[in-house]
Each structure stands twice: as C-alpha cells, then as structure tokens.
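Listed here are the chains, written in short residue letters.
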Amino acid sequence: MPASPTIDSPDAAATLAEHLVGLDPATYQRGEDYASGRRVGKLDRVNDQRVRGEVRGTRIYFVDLIRTDPGWQSRCTCPVERDCKHVAAVALLWLAHLNPHVLPDVHAQALTAPVREPPERVLAEKLGRALTKDESAFLGKLTSLHNGYRQSGRVAPVELAKL
C-alpha cells in the first residue's frame, strides 16, 4: 500500500500550485496581496497532512490546508469558509516554503514567515520524552484557549474552567 501524500512530499508543491490555479483570479490576487503584505502572522506545520496559518483580515482568521490524496482541501474561519483569499495567502506562503522558485512574481522577502513546529513536538523535545496522554490533552486545551483569545481578544471564565 503506497504511503499517503504529505504536506511536503515531492508532489506537494505541484499539487498545491494546481489548487491555487483553480481559485477565482480575484481571490488569488487578494491572497497574493495578503501574503506579500505580511498579513499571515503564523504558519504552523500541524502534522504530515495539515498546515495551519493565521491571517489578519477584518479580524484574525485561521486557515487549515489539508493534504488529501491526490490534492488539497482548505478550511477558513472567515464567512467564505474555504478557498478564500486567506487560504490563498497561506497556500502561497507554504508553496514558497516548499519551493521558493515557484513564485517569481511574489516578493520572496515577504514570504519568509517561519514555519513553527507543533507545540507537542517542541515540548516533548525540551523534556526529552514523549508527552503523557494527560499532558497532550492539557496542551490541546491550552492551545485552543490561546487561539480563541487571539481571535476574540478575550477569555471567558467558563473557558478557563475547562482547563
């Protein structure tokens, strides 16, 4: 059985470029403007199948690029929900990360957002051991709380109680 394609497998750049070509030209252009305008605040490698980006639009939107067999799917927290300008911006940055020569028209300097490792991996490396199930669950709740705060600018007491 062949391995599932990943976000950085040899065909990832080509298939992501194909996905971008399928976007409405105006959406692609707005995404390119967002990418070159440094509106993508974070670009995280969540796992082998998912890239997550944080884009500053009217508010902060979270974008997931999901590697499928054979292509890509997207999700965004904006009202459009998928294949929007925020998705295009994150996809362009991930594409530039995979192959900086693929996008000659987009300023390379603007496309150098660092790719962050998942917090679980970083913490496990710092501890020198794998996280326990409880530690992973707590870190997931804490990450969710943090993302909610970054999006809304507040934390409800009921959310803190979930920790």
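Residues numbered from 1 in each chain as written. Predicted model: local features only at pLDDT ≥ 70, side-chain atom pairs only at ≥ 80, totals over all residues. Heavy atoms only, no water.

Caption draft 1: Spotlight on unusual backbone geometry. In the segment running from aspartate 69 into proline 70, the intervening peptide bond is cis, with an omega of 20°. Here proline 70 shows up in the loop between β3 (60-67) and β4 (72-76). Despite not being glycine, arginine 38 has its phi angle at roughly 60°, a positive value. Even without a glycine there, the phi angle at aspartate 83 is positive, about 50°. (Helix = DSSP H or I, 4+ residues; strand = E, 2+ residues; numbered from the N terminus.)

Caption draft 2: Summary view of the packing of aromatic side chains. Per the counting criterion, the structure on display carries zero aromatic pairs. For arginine 39, the ring lying beneath its charged end belongs to tyrosine 34, and the centroid distance is 4.1 Å. (Phe/Tyr/Trp six-rings, centres within 6.5 Å; stacked < 30°, edge-to-face > 60°. Lys NZ or Arg CZ within 6 Å of the ring centre and 35° of its normal.)

Caption draft 3: Main features of the packing of helix α2 (residues 25-36) against helix α3 (residues 85-98). Where α2 contacts α3, the axes come no closer than 7 Å and their chain directions differ by 60°. Taken together, the axes of α2 and α3 lie oblique to each other. Along this stretch, α2 crosses α3, giving a crossing that reads as right-handed. Facing α2, whose interface residues are Thr27, Tyr28, Arg30, Gly31, Glu32, Tyr34 and Ala35, α3 presents Lys85, His86, Ala88, Ala89, Leu92 and Leu93. (Axes fitted to C-alpha atoms, helices over the stretch in contact; angles between N-to-C directions. Parallel < 35°, antiparallel > 145°, perpendicular 65-115°, else oblique. Left-handed = near helix turned anticlockwise from the far one by under 90°. Contact = heavy atoms within 4.5 Å.)

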